[in-house]
Amino acid sequence: MSSRPIHLVGVGGAGMSGLARLAAQAGYRVSGTDREEGPALAALRVEGIDARAGHDAGAVPDDVEAVVVSTAIPEHNPDVVEARRRGVPVLHRADLLAELMERRRGLAVAGAHGKSTTSAMLALALGDASACIGATTEAGAGTGASWGEGEWFVAEADESDRSLLRLAPEAAVITNVDHDHHTHFPTIESVEEVFRDFLGRLPADGVYVAGPDERARALADAAPCPSLRVGPGGDLWVQEDPDGARAVTADGESVALRLGVPGDHNRDNAACALLLARWCGVPLDVAADRLAGFHGVGRRFEERGVAGGVRVVDDYAHHPAELRATLAAARESGPSRVVAVFQPHLYSRTEALHEELGSALGAADLAVVTEIYAAREEPSPGVTGRLVADAVPSGTATVFAPTLDDAARVVVETARDGDLVLTLGAGDVTILGKELLTRLGNEFGHGESDREQRPSTP
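Parameters and conventions
Residues numbered from 1 in each chain as written. Predicted model: local features only at pLDDT ≥ 70, side-chain atom pairs only at ≥ 80, totals over all residues. Heavy atoms only, no water. Pairing = 2+ DSSP bridges. Helix = DSSP H or I, 4+ residues; strand = E, 2+ residues; numbered from the N terminus. Axes fitted to C-alpha atoms, helices over the stretch in contact; angles between N-to-C directions. Contact = heavy atoms within 4.5 Å. Buried < 20%, exposed > 50% of the residue type's maximum accessible area, 1.4 Å probe, protein only. Salt bridge = Lys/Arg side-chain N within 4 Å of Asp/Glu carboxyl O. Arc of directions from axis to C-beta. Core = buried A, V, L, I, M, F, W, Y, C linked by side-chain atoms within 4.5 Å. Expected span 1.5 Å × (residues − 1). Phe/Tyr/Trp six-rings, centres within 6.5 Å; stacked < 30°, edge-to-face > 60°.

1. Description of the sheet that holds strand E18 (residues 338-342)
One open sheet holds the six strands; their spatial order is E16-E17-E21-E18-E19-E20, and the pairing between them is mixed. Edge strands, defined here as strands with exactly one partner in the open sheet, are strand E16 (302-307) and strand E20 (397-400). Between one strand and the next, the sheet's axes are offset by a mean angle of 15 degrees, whatever the strand orientation. The pairing of E16 with strand E17 (residues 310-315) spans five bridges and is classified as antiparallel. What sits directly across from Glu303, in E17, is Val313. Packing of helix H10 (residues 320-330) onto the sheet brings it into contact with E17, E18 and strand E21 (420-424), and relative to E21 it is tilted by some 160 degrees.

Quick look at the structure:
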């Protein structure tokens, strides 16, 4: 076990907090800073990690051997400036991930959508695997990472900054290929090129598992190793029958598939995980039984609660394909209506995809669209959340509510008993669920059904 001291900048982020926990469990001495206090820092301190709020050169240990950053950390960050001054190596987060992966047999899960969920499913299906996932998991103690005793290491591989090219796994999954991250990838062909480079680095005795997406399947010729396909006509697929979903293989094996999360997209994610776990030597029935305990990862159809007969669920969906999948999954429980509160994420994404985003929201009965969550971007003239709202089909009632407070007011004024309210987006819309439950409870009671108190608003 290495005890070398490392310092992570932005340690409270979804990916970085997981890396910090993983490194600490692997024996590293870990410290880190983030812009402000939050649950992730508190969770890391429980793990014995020196996680501090506020970037500060003084927080960088005297004997630190490496400072680790993500793409989002600027060069003028005080911790980074101090590292440069001392001549301490500044590593990208993927370099640390690759270093940790080298201690185990590495498996990487990539793709435009579903990679966090598929990674978590794969880690669970394998048994006692190590994992580093960009969303909170049940085993992650407030992060998405855990250091297991088994031989496998599952890593979520990120194409957005091309950092997946720093990893050297034995095998890989690509769930699907879609055009996103428009400031980095001008065309979908440029996205495909990165995935091709990634697959070209697999070893000849490895394997590539392609999701049911046609573009993912078409990448198989880039891999120097055998490929396996998920979906009809492939090596494993999910079929529905009167008794529920079943995972079926091309050689005739069939097992029941019971998941605690809804949606065809999650059944496809599970199929990818099962197929790679089978290649790793886990019997299909054992892997499927393990997945019966899967109830999702943080911010992926995450239950917030019920108040006044209204169920509130939070989801990270911020791309048209993700919105379509999540809204379709929402219908499976048979709600009276599906109310989508969507916060567009990034000016570049909104400008490029506002028509597709609006079209996807047409699957809701009521769409409430807020202003754009800027994140790391500067405002772009003429690009606002209203572009998305205006693109929602006329058959869906639509309200443009610029602030989260405006959105909460609209939901409370229009909510009906039996509604399912989804808070959707990659920004701070995630905080809205708790606020909605409070307001709905105050207005209509906290029970699961208060139909007699329901307003008659449409």
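This is not the end of the story, as more comes after the structure.
2. Looking at unusual backbone geometry
Located in the positive-phi region is Arg162, a residue other than glycine, with phi close to 65 degrees. By the secondary structure assignment, Arg162 is in the loop between strand E9 (152-156) and strand E10 (171-174). For Arg162, a relative accessible area of 36% translates into the label partly exposed. Residue Leu346 is not a glycine yet carries a positive backbone phi of 80 degrees. The residue Leu346 is located in the loop between E18 and helix H11 (347-361) in this model.

3. A word on the pattern of salt bridges
Applying the stated criterion across every chain, the model contains 34 salt bridges. The salt bridge partner of Asp264 is Arg267, with a shortest N-O separation of 2.8 Å. A residue pair is termed a helical-turn pair when its members lie 3 or 4 positions apart in one helix, as Asp264 and Arg267 do in helix H8 (residues 264-279) at three residues. A relative accessible area of 14% places Arg267 in the buried class. Three or more residues joined by partner-sharing salt bridges are found here, namely Glu240, Asp264, Arg267 and Glu332.

4. Points about the side chain of Glu159
Its place among the elements puts Glu159 in the loop between E9 and E10. Look past the residues within four positions of Glu159 in its chain and what remains in contact with it is Gly111, Ala112, Lys115, Leu164, His181, Phe185, Val194 and Phe195.

5. What to know about the sheet that holds strand E15 (residues 254-256)
Strand order in the open sheet formed by three strands is E13-E14-E15, and the pairing between neighbours is antiparallel. Edge positions in the open sheet fall to strand E13 (236-241) and E15, since each of these has one partner strand only. Averaged over all neighbouring strand pairs, the angle between strand axes comes to 30 degrees, with direction disregarded. One ladder, built from three bridges, connects strand E14 (residues 244-249) with E15; its direction is antiparallel. Among the inter-strand pairings, Arg246 is bridged to a residue of E15, identified as Ala256. This element, helix H9 (residues 284-291), spans E13, E14 and E15 of the sheet and lies at about 20 degrees to E15.

6. Some remarks on H9
Regarding H9, the residues found buried are Leu284, Ala287, Ala288 and Leu291. Angular distribution of buried residues about the axis of H9 spans 100 degrees; they occupy a single face of the element.

7. A word on the nonpolar core
By size, the foremost hydrophobic cluster in this structure holds 51 residues, and its most contacted members are Leu8, Leu100, Phe153, Ile174, Phe198, Leu199 and Tyr208. What Phe198 contacts, discounting residues up to four positions off in sequence, is Ala108, Ala110, Leu164, Leu165, Pro169, Ala172 and Ile174. Counting residues in each nonpolar core, the second largest holds 42 residues, with Trp152, Val154, Ala171 and Val209 among its members.

8. Structural notes on the environment of Asp268
Tracing the backbone shows Asp268 in helix H8. Note: C-alpha distance between Asp268 and Ser116 (152 residues apart in sequence) is 13 Å. Contacts of Asp268, omitting those with residues within four sequence positions, involve Pro212 and Val230.

9. Comments concerning helix H5 (residues 115-126)
For H5, which comprises 12 residues, the first-to-last C-alpha distance of 16 Å matches the rise-based estimate of 16 Å (1.5 Å per residue) to within 8%. Most of H5 is tucked away, with 11 of its 12 residues classed as buried. For H5, the complete set of buried residues consists of Lys115, Ser116, Thr117, Thr118, Ser119, Ala120, Met121, Leu122, Ala123, Ala125 and Leu126. Looking at the buried positions of H5, the neighbouring elements they touch are strand E6 (105-110), strand E7 (130-132), E9, H8 and H9. One or two positions beyond H5, positive phi appears at Gly127, with a value near 100 degrees.

10. Topic: the packing of aromatic side chains
Any two aromatic rings considered together are summarised by their centre-to-centre distance and by the angle between their planes. Counted according to the given criterion, the structure contains two aromatic pairs. Geometrically, the ring pair formed by Trp147 and Phe153 is edge-to-face, given 6.2 Å between the ring centres and 70 degrees between the ring planes. What makes Trp147 buried here is its relative accessible area of 14%. Where Trp152 meets Trp279, the ring centres are 6.4 Å apart and the plane angle is 55 degrees; that geometry is what we call tilted. Separated by 127 residues along the polypeptide, Trp152 in strand E9 and Trp279 in helix H8 bring together distant segments of the chain. Take Trp279: its relative accessible area is 30%, and that puts it in the partly exposed class.

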